[in-house]
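Geometric and topological summary
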Amino acid sequence: MDSPARPAPAPAALLYYVAFSQLLGLAVVATTGTWLGVYRGGIAWESALQFNVHPLCMIIGLVFLQGDALLVYRVFRNEAKRTTKVLHGLLHVFAFVIALVGLVAVFDFHRKKGYADLYSLHSWCGILVFVLFFVQWLMGFSFFLFPGASFSLRSRYRPQHLFLGGAIFLLSVGTALLGLKEALLFELGTKYSKFEPEGVLANVLGLLLAAFGAVVLYILTRADWKRPLQAEEQALSMDFKTLTEGDSPSSQ
């Protein structure tokens, strides 16, 4: 009797890049907390510091956790597909809930202060990202976690799901950079050009955000780092190819 095939080990370079991405992601969150704590007074809900809840939640939810959710299929390469799907979906749920708290915080802060809503490019991009993120999660749940979708439907939708996931993540990083720039211009004004310490720290935060986005995108686009198909996935894929293209399994 043949012994079951051993799981393929993850490429060594992949492990290093994933570890590097996590260091960058944690650095982004820590630098955001430092910026808000040292230069913006910290965070609180029932005070003028309520606004600071917004950037912290958005960075944690739509940047760090969303990036990690996208990497799940690269990191957990040999676990059961359904387990990996559930983890991927749960991380997106956590990201959505945290981002929702940040969104409520900024709208509530604007209402209390009498500020206008949704006039800046950052706010327009932010709403677009949030809506796309929510729709993407609903579609992903309907096609890949809900038991009603057929294998053929999942196969046809999968390329769009992968593209939209990466695009929404990049839009999230870009929107965070826009918001960071907007906050600095509001707070520092002309002093921003004088290398104020807050401006320098925020610039470092911007570079870390860009680096995190770039490393996650690089990991996702390396074809040789994709999660290998499990035996049951290979069988389903072959059956789908046979049905759609008229090939026989023996001809492959």
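Residues numbered from 1 in each chain as written. Predicted model: local features only at pLDDT ≥ 70, side-chain atom pairs only at ≥ 80, totals over all residues. Heavy atoms only, no water.

1. What about the overall build of the chain?
Threshold: A run of H or I in DSSP becomes a helix once it reaches four residues, and a run of E becomes a strand once it reaches two; helices and strands are each numbered from the N terminus. A simple rule labels every residue: compare its accessible area, found with a 1.4 Å probe on the protein chains alone, to the largest value its type can have, and call it buried under 20%, exposed over 50%, or partly exposed in between. Contacts: residue pairs with any heavy atoms within 4.5 Å of one another. Accessible areas in this description were obtained via Shrake-Rupley with a 1.4 Å probe; residue shielding takes into account the shown protein chains only.
Secondary structure summary: the chain contains 7 helices and 0 strands in total. For the chain, the α and β elements follow one another from N to C terminus as α-α-α-α-α-α-α. Residue burial in the chain is summarised as follows: out of 252 residues, 38% are buried. Counting only contacts in the chain whose residues sit at least 6 apart along the sequence, the fraction spanning at least 24 positions is 72%. Accessible area for the chain stands at about 14200 Å²; split by element, carbon and sulfur atoms hold 70% of it.

2. Considering the pattern of salt bridges
Applied cut-off: Should a side-chain nitrogen of Lys or Arg be within 4 Å of a carboxyl oxygen of Asp or Glu, the pair is scored as a salt bridge.
With the rule as written, the count across this model stands at 5 salt bridges. Residue K112 is joined to E46 by a salt bridge in which the shortest nitrogen-to-oxygen separation is 3.4 Å. One end of the pair, K112, is in helix 3 (residues 81-113); the other, E46, is in the loop between helix 1 (12-39) and helix 2 (53-75), with 66 residues separating them in the sequence. Residue K112 is classed as partly exposed on the basis of its relative accessible area of 40%. D108 is the partner of R111 in a salt bridge, and the nearest nitrogen-oxygen pair spans 2.5 Å. Taken as a pair, R111 and D108 lie in helix 3 at a separation of 3 residues, close to a single helical turn. One network of salt bridges, with partners in common, ties together E46, D108, R111 and K112.

3. Observations regarding the side chain of H161
Note that H161 resides in helix 5 (residues 151-188). Those residues within four positions of H161 in sequence are excluded, and the remaining contacts are H88, Q136, G140 and F144.

4. Thoughts on helix 2
Worth spelling out the cut-off: Here the bend at each residue means the angle between axes fitted to two seven-residue stretches, the one ending at that residue and the one beginning there.
Of all the bends in helix 2, the greatest, near 30°, is centred on Q66. When you tally the buried positions in helix 2, you get 20 out of 23 residues, the bulk of the element.

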